[in-house]
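Chain by chain, the residues run as shown.
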Amino acid sequence: MSDMSALERWLVTSPFRAWLQRGEVRAFLRWASLPSGACVLDMGCGPGVSTALIRELLRPRCLSAFDIDPSMVELARRRLARLGLDDGVDLRVADATKMPYEDGLFDAVFESGVVHHVPDWRAALREVGRVLKPGGRFCFAEPSRGRLRGLFRILPHSVESMFDADEWRAALADAGLQAEETPRRLPLWDICGVATKTHEA
Ligand SMILES: C[S@@+](CC[C@H](N)C(=O)[O-])C[C@H]1O[C@@H](n2cnc3c(N)ncnc32)[C@H](O)[C@@H]1O
């Protein structure tokens, strides 16, 4: 189960978060520059705002999404159905450290604000590397340890799941993911960008 507090859960399911996510998903789609026939994974999809946006804006050949919290997956399921975007979307309850997908399945994995909730966050990054095709793109947005102790301090997080930009980049490399040098910016997150799968971890 997720370690999110009631306050964070309220924020994650708020219209403000949905509004911010529109910009994030658009940025991910620009950064990843995927063809419309791509297969995409939305990791830690929360209430499914990002899943619906990926489906609407990219129209991928296949779209999978998962979250460890069954109530979030249920919200995502209802959102997609309400918007008529549920056709062919594979939604599951699953743990980022044990993804229920075969190796090399996806052209892209997108995630916002998920990995810093996972105590064994390096294992989650290894799973991203495993499920991506060679050359596949990982688009991420995370708060650094500094941000979790500063701007985000009202939202409690476990110390094990905190990292800084250098630790993040090193863990990406260990997972077979090469981070791009191009600096990327998003509101809220101070570790964001794209990494490409270069080799098996
Ligand atoms: C801060 S919310 C972000 C949700 C959504 N991605 C967004 O951008 O609004 C973190 C999400 O990660 C999920 N999560 C936490 N640990 C997870 C894990 N080990 N595996 C999968 N999802 C996890 C939580 O249930 C929650 O929905």
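It should be emphasised that the depicted structure is a prediction, and the values quoted were computed from it without experimental measurement.

J.: For the overall build of the chain, give the residues involved together with the corresponding values.
T.: Helices and strands together make up the secondary structure of the chain, namely seven helices and seven strands. Start at the N end of the chain and walk to the C end: the helices and strands fall as α-α-β-α-β-α-β-β-α-β-α-α-β-β. Computed over its C-alpha atoms, the radius of gyration of the chain comes to 15 Å, within 12% of the 17 Å expected for a compact globule of 201 residues. Dimensions of the chain along its principal axes, counting C-alpha atoms only, are 40 × 40 × 30 Å. Looking at the chain as a whole, 53% of its 201 residues qualify as buried. By sequence separation, contacts in the chain at least 24 residues apart represent 74% of the contacts at least 6 residues apart. Summed over its atoms, the accessible surface of the chain is roughly 9400 Å², and 54% of this surface lies on carbon and sulfur atoms.

J.: Can you lay out the pairing of strand β1 (residues 39-43) for me, pointing to particular residues and giving the numbers?
T.: The buried fraction of β1 is high, at five of five residues. Of the two faces of β1, the one holding C39, L41 and M43 and the one holding V40 and D42 are both buried throughout. Inspection of the sheet shows β1 paired to strand β2 (residues 62-67) by five bridges, in the parallel sense. Its bridge partner being in β2, D42 is matched across the sheet by A65. Tracing the backbone out of β1, into helix α3 (residues 49-58) and back to the parallel element β2 gives a crossover that is right-handed.

Criteria and thresholds
- Residues numbered from 1 in each chain as written.
- Predicted model: local features only at pLDDT ≥ 70, side-chain atom pairs only at ≥ 80, totals over all residues.
- Heavy atoms only, no water.
- Helix = DSSP H or I, 4+ residues; strand = E, 2+ residues; numbered from the N terminus.
- Rg over C-alpha atoms; globule rule 2.2 N^0.38 Å.
- Buried < 20%, exposed > 50% of the residue type's maximum accessible area, 1.4 Å probe, protein only.
- Contact = heavy atoms within 4.5 Å.
- Areas by Shrake-Rupley, 256 points an atom, 1.4 Å probe, with all protein chains shown as cover.
- Pairing = 2+ DSSP bridges.
- Right-handed = clockwise from strand over helix to strand, strands pointing away.

Keep in mind that these numbers describe shape and distance, not what the molecule does.
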